[in-house]
Amino acid sequence: MSVRATARLRAEPDGRGSTALPLLESAGPLALRRTRSPLPTHARVTVVGAMSAPLNGDRIAIEAEVADGARLTVDAAAATIALPGPRAATGPSTYAIHLNVGEGATLHWLPEQLVSAHGSDLHQTTRVELAPTARLLLREEQILGRHGEPTGALTTRLTVRRAGRPLLDQQLAYGPGAPGGWDGPAVLGGHRAVGQLLLADPSFEDAPLPARLLGPTAARTPLAGPAVLVTAVAADARLLREMLDGALHELLDGLEADTGNG
């Protein structure tokens, strides 16, 4: 039997310089837990897997709203593993993520890796709506197959709109049924871990970052808006995380320097 579940959360200022969570609604395999944040102004929510999901045929979703002036960090207790599911399951599973970040609000969306197990078929969509003065840090990592196995079928789409206008719209597809060449030298080149790091910040409007290589398999690209996208491929999840963490530290150091000069 397939699962249908939508988890919801809302963050808003608590009037004391921090952030409250008036809505924290778990559902099905998505258990939302408030956890201690290292940032005193941020609320922190950790997504805990309450059961194996998504399996082929499942329909799961998370909806998160960060109200004007609120600050929220969302992470995960463990990787998400897309699995084949029972033989009776038909069609792909879907994992829909909807994020809305208000004026002067900040969202750090930092899940763990998404692992595409052999035989699985998952369509994941992430849609983000940003107010003009919102800030967003978003990380996505896809691991194609568990150790020693081929990947499943995986399609991901990341759509970000700022002030109602497109900032980023990117779709990736891997495994059975994907367009030819996905594993060739022009795309993954045999690597099995791929990730994106998106940082949107109004300060980039006055001081956009230049494009540059971050090593042989990673690059930083400024977007047509106050944002920068880091993309990377690696042999495994550990190396991918090291690359993205290094890129993030460099970005944050650059923001602090620009703020100090301003």
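Whatever comes next refers back to the structure up there.
Keep in mind the model is a prediction, meaning the values are calculated, not measured.

K.L.:
Quick question: what am I supposed to make of the overall build of the protein here?
P.N.:
Scanning the protein for helices and strands turns up 1 helix and 18 strands. Relative to its length of 262 residues, the protein is compact, with a C-alpha radius of gyration of 18 Å against a globular reference of 18 Å. By principal-axis analysis of the C-alpha atoms, the protein measures approximately 55 × 45 × 30 Å. By the burial criterion, 46% of the 262 residues in the protein qualify as buried. Relative to all contacts within the protein whose residues are 6 or more apart in sequence, the contacts with residues 24 or more apart total 70%.

K.L.:
Help me out: how do you make sense of the pattern of salt bridges in this one?
P.N.:
Pairs can form between side chains of opposite charge once their charged atoms are near each other. Inspection of every chain in the model, using the stated rule, returns 19 salt bridges. Ionic pairing is found between R10 and E12, a salt bridge with its closest N-O pair at 3.0 Å. Exposure remark for R10: the relative accessible area of 25% places this residue in the partly exposed category. In this structure E12 comes out as partly exposed when scored by relative accessible area, which is 28%. Between R241 and E141 there is a salt bridge, with its nearest N and O atoms 2.7 Å apart. Note that R241 is positioned in helix α1 (residues 237-261) and E141 in strand β12 (residues 135-144), a separation of 100 residues in sequence. Taking the relative accessible area as the measure of exposure, R241 reaches 17% and is therefore buried. Salt bridges here are not isolated pairs; linked through shared partners, they connect E112, R139, E141 and R241.

K.L.:
Would you explain the environment of L99 in this entry?
P.N.:
Tracing the sequence through the fold places L99 in strand β8 (residues 93-101). A relative accessible area of 2% means that L99 is categorised as buried. Discounting chain neighbours no more than four positions away, the residues touching L99 are A64, L107, W109, T126, R127, V128, E129 and L138.

K.L.:
It is not clear to me how unusual backbone geometry should be interpreted in this structure. Could you clarify?
P.N.:
Generally, phi is negative for residues other than glycine and the peptide bonds are trans, each holding for most cases. Backbone torsion omega between A53 and P54 reads 5°, so that peptide bond is classified as cis. Non-glycine residue A163 carries a positive phi angle of around 55°. Here A163 lies in the loop between β13 (153-162) and β14 (165-174).

K.L.:
I keep staring at the packing of aromatic side chains and nothing clicks. Help me out?
P.N.:
For any pair of aromatic rings, geometry is given as the distance between the ring centres together with the angle between the planes. Counted under the stated rule, the structure contains 1 aromatic pair. When the centroid spacing of 6.3 Å and the interplanar angle of 75° are considered together, the rings of Y174 and W182 count as edge-to-face. Given the relative accessible area of 18%, W182 is considered buried.

K.L.:
What am I meant to see in the pairing of strand β11 (residues 121-130) here?
P.N.:
Remark: a regular strand shows side chains that alternate across the two faces of the sheet. Where burial is concerned, the two faces of β11 differ: the one with L122, Q124, T126, V128 and L130 is buried and the one with D121, H123, T125, R127 and E129 is not. Note that β8 and β11 share 9 bridges and pair parallel. What sits directly across from V101, in β11, is L130. In this structure, β11 lies alongside β13, joined through 10 bridges in parallel fashion. Looking at the pairing, H123 lines up with T155 of β13.

Parameters at a glance
- Residues numbered from 1 in each chain as written.
- Predicted model: local features only at pLDDT ≥ 70, side-chain atom pairs only at ≥ 80, totals over all residues.
- Heavy atoms only, no water.
- Helix = DSSP H or I, 4+ residues; strand = E, 2+ residues; numbered from the N terminus.
- Rg over C-alpha atoms; globule rule 2.2 N^0.38 Å.
- Buried < 20%, exposed > 50% of the residue type's maximum accessible area, 1.4 Å probe, protein only.
- Contact = heavy atoms within 4.5 Å.
- Salt bridge = Lys/Arg side-chain N within 4 Å of Asp/Glu carboxyl O.
- Phe/Tyr/Trp six-rings, centres within 6.5 Å; stacked < 30°, edge-to-face > 60°.
- Pairing = 2+ DSSP bridges.

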